[in-house]
Amino acid sequence: MKPNVVSADVLFEEFRLSLRWEWLAGLGASERRFDEVAVRSARSGADLVGHLNYIHPYRVQILGEREIAYLTTDTPEDCQRRIARIVTLEPPVLILAEGQVAPEALLSMCERAEIPMFATKESSAFVIDVLRAYLSKHFADRITMHGVFMDILGLGVLITGESGLGKSELGLELISRGQGLVADDAVDLYRINQTTIEGKCPDLLQNLLEVRGIGLLDIRAIFGETAVRRKMRLKLIVHLVRKETMENEYERLPYEPLVQDVLGVPVLKAVIQVVAGRNIAVLVEAAVRNTVLQLRGIDTYQEFVERHRRAMERDV
């Protein structure tokens, strides 16, 4: 689902220092928001910002040198008509970039139509890049999943499984082996583009890991700054199962790599059976190393099948 839309004053304060912009017009419309229909229909937040374009309404319209020239270098009637057409776009914000001077007709129009207008000396391309990255994350599809999210050998790994299988204890052992914790128990996942899922910890649970019998552990305080991560991109799901579940629901050697759909993105999945005496931490690290190979296009199982085929052909 989409989060609450962002207002003009929130956007202004978010980048007041980094973009060093000022509020030129439309101060009375500080709570002006993005059109909710446009937000829902946008493929990503990146679609909600761009250069001045009369075809794409309801987005942040950026005015650089070329756009200002287009609005000012013609007959007074044509210039007035072009500026008036901006109102029909219903932009949440107009942004004057590249240190351009706002035409008086544009300032008056923004005041009358109650359209906030910001001005910055930064380039149009830079402003668009910054706002697209921010809006992509702000309006990203999101979900909360139960599990332990970790940085294991540089890969974002979500450990899932039934309650009581020792996910948090496994996370603690992996941390003691030099891996990093992102989140325990609840993981906020965001689809930041069509192929990428990013995960982070809810603020309430930051740096915390719950271990039964011990309670809450502050991983950052115990293991140091290098033992925690602020966010990671999800690349692998490790699902812990009991022996009977493994035997009934999963093949011993799956012909195709297992995947799980997360917010419409297929994520590689490894299933590990939990049995007393098994070193699950070592198995998880092995699964991660194998996933790295798969992401590089190396499929060990398929290579084995091909090796077996060649052996059979020689025997014939």
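Look a little higher up for the structure.
Our subject in this report is the structure included herewith.

Cut-offs and rules
- Residues numbered from 1 in each chain as written.
- Predicted model: local features only at pLDDT ≥ 70, side-chain atom pairs only at ≥ 80, totals over all residues.
- Heavy atoms only, no water.
- Phe/Tyr/Trp six-rings, centres within 6.5 Å; stacked < 30°, edge-to-face > 60°.
- Helix = DSSP H or I, 4+ residues; strand = E, 2+ residues; numbered from the N terminus.
- Buried < 20%, exposed > 50% of the residue type's maximum accessible area, 1.4 Å probe, protein only.
- Lys NZ or Arg CZ within 6 Å of the ring centre and 35° of its normal.
- Pairing = 2+ DSSP bridges.
- Contact = heavy atoms within 4.5 Å.
- Axes fitted to C-alpha atoms, helices over the stretch in contact; angles between N-to-C directions.
- Parallel < 35°, antiparallel > 145°, perpendicular 65-115°, else oblique.
- Left-handed = near helix turned anticlockwise from the far one by under 90°.
- Nonpolar A, V, L, I, M, F, W, Y, C, P; charged D, E, K, R; others polar.
- Arc of directions from axis to C-beta.
- Core = buried A, V, L, I, M, F, W, Y, C linked by side-chain atoms within 4.5 Å.
- Salt bridge = Lys/Arg side-chain N within 4 Å of Asp/Glu carboxyl O.

Before going further, it helps to examine the packing of aromatic side chains. Applying the stated criterion across every chain yields a total of eight aromatic pairs. For the ring pair Trp21 and Phe118, a centre distance of 4.8 Å and an interplane angle of 55° mean the geometry is tilted. With a gap of 97 residues between them, Trp21 in the loop between helix 1 (8-14) and strand 1 (22-25) and Phe118 in strand 5 (residues 117-119) connect regions that are remote in the sequence. The exposure class of Trp21 is buried, given its relative accessible area of 5%. Three or more aromatic residues link up through ring pairs in this structure, and these residues are Phe12, Phe15, Trp21, Trp23, Phe118 and Tyr134. For Arg82, the ring lying beneath its charged end belongs to Tyr70, and the centroid distance is 4.2 Å. Above the ring of Tyr54, the side-chain terminus of Arg85 is found at 4.0 Å from the ring centroid.

Of the two faces of strand 3 (residues 60-63), the one holding Val60 and Ile62 and the one holding Gln61 and Leu63 are both buried throughout. As paired elements, strand 3 and strand 4 (residues 94-96) share three bridges and run parallel to each other. Each residue of the ladder has a partner; that of Leu63, found in strand 4, is Leu96.

Structurally, the position occupied by Pro257 is in the loop between helix 9 (243-249) and strand 13 (259-262). Counting along the chain gives 12 residues from Pro257 to Lys269, while the straight-line C-alpha distance between them is 7.5 Å. Once you skip the residues sitting within four places of it in the chain, Pro257 turns out to touch Leu268, Gln294 and Asp299.

Interhelical geometry of helix 4 (residues 76-88) versus helix 5 (residues 104-113) gives an angle of 30° and a closest axis separation of 10 Å. Put simply, helix 4 runs roughly parallel to helix 5. Read as a crossing pair, helix 4 and helix 5 show a hand that is right-handed. Where helix 4 approaches helix 5, its residues Gln80, Ile83, Ile86 and Val87 are matched on the opposing element by Ala105, Leu106, Met109 and Ala113. Looking at side-chain class alone, the contact of helix 4 with helix 5 contains seven nonpolar, one polar and no charged residues.

Looking only at helix 3 (residues 65-72), the buried set comprises Glu67, Ile68 and Leu71. Buried residues of helix 3, viewed axially, fall in a sector of 95°; they line one side. Turned more than 90 degrees away from the buried face of helix 3 sit Glu65 and Arg66, all of them exposed. On its buried face, helix 3 sits against strand 2 (49-51), strand 3, helix 4 and strand 4.

With that settled, consider the nonpolar core. Grouped together as the largest cluster of nonpolar side chains are 28 residues, with contacts concentrated most on Val157, Ile159, Leu170, Leu174, Ile219, Leu240 and Val284. Elements with a contribution of two residues or more to this core: strand 6 (141-152), strand 7 (155-161), helix 7 (167-176), strand 10 (208-211), strand 12 (231-241), strand 14 (265-273) and helix 10 (280-295). The element best represented in this core is helix 10, accounting for five residues.

A word on the sheet that holds strand 1. Within the open sheet, the five strands sit side by side as 1-5-4-3-2. Their pairing is mixed. Because the sheet does not close on itself, it has two edges, and the strands there are strand 1 and strand 2. Ignoring strand direction, the axes of neighbouring strands in this sheet form an average angle of 30°. Strand direction decides the pairing type here: strand 4 and strand 5, joined by three bridges, are parallel. Residue pairing in the sheet places Ile95 in a bridge with Phe118 of strand 5. The strands touched by helix 3 within the sheet are strand 2, strand 3 and strand 4, with strand 3 carrying the most contacts at an inclination of about 85°.

All right, on to the side chain of Ser124 then. Within the secondary structure, Ser124 is located in helix 6 (residues 124-138). Overall, the relative accessible area of 1% leaves Ser124 in the buried class. Once residues within four sequence positions are removed from consideration, Ser124 is found in contact with His51, Ile62, Leu63, Gly64, Ala97 and Glu98.

Bringing the pattern of salt bridges into the picture now. For the structure shown, the criterion picks out 12 salt bridges. The partner of Glu285 in a salt bridge is Arg177, and the shortest N-O contact between them spans 2.8 Å. Taken together, the residues span a long stretch of sequence, with Glu285 in helix 10 and Arg177 in the loop between helix 7 and strand 8 (180-193) at a distance of 108 residues. By relative accessible area, Glu285 is classed as buried at 10%. By sharing partners, the salt bridges in this structure join Glu306, Arg309, Arg310 and Glu313 into a single network.

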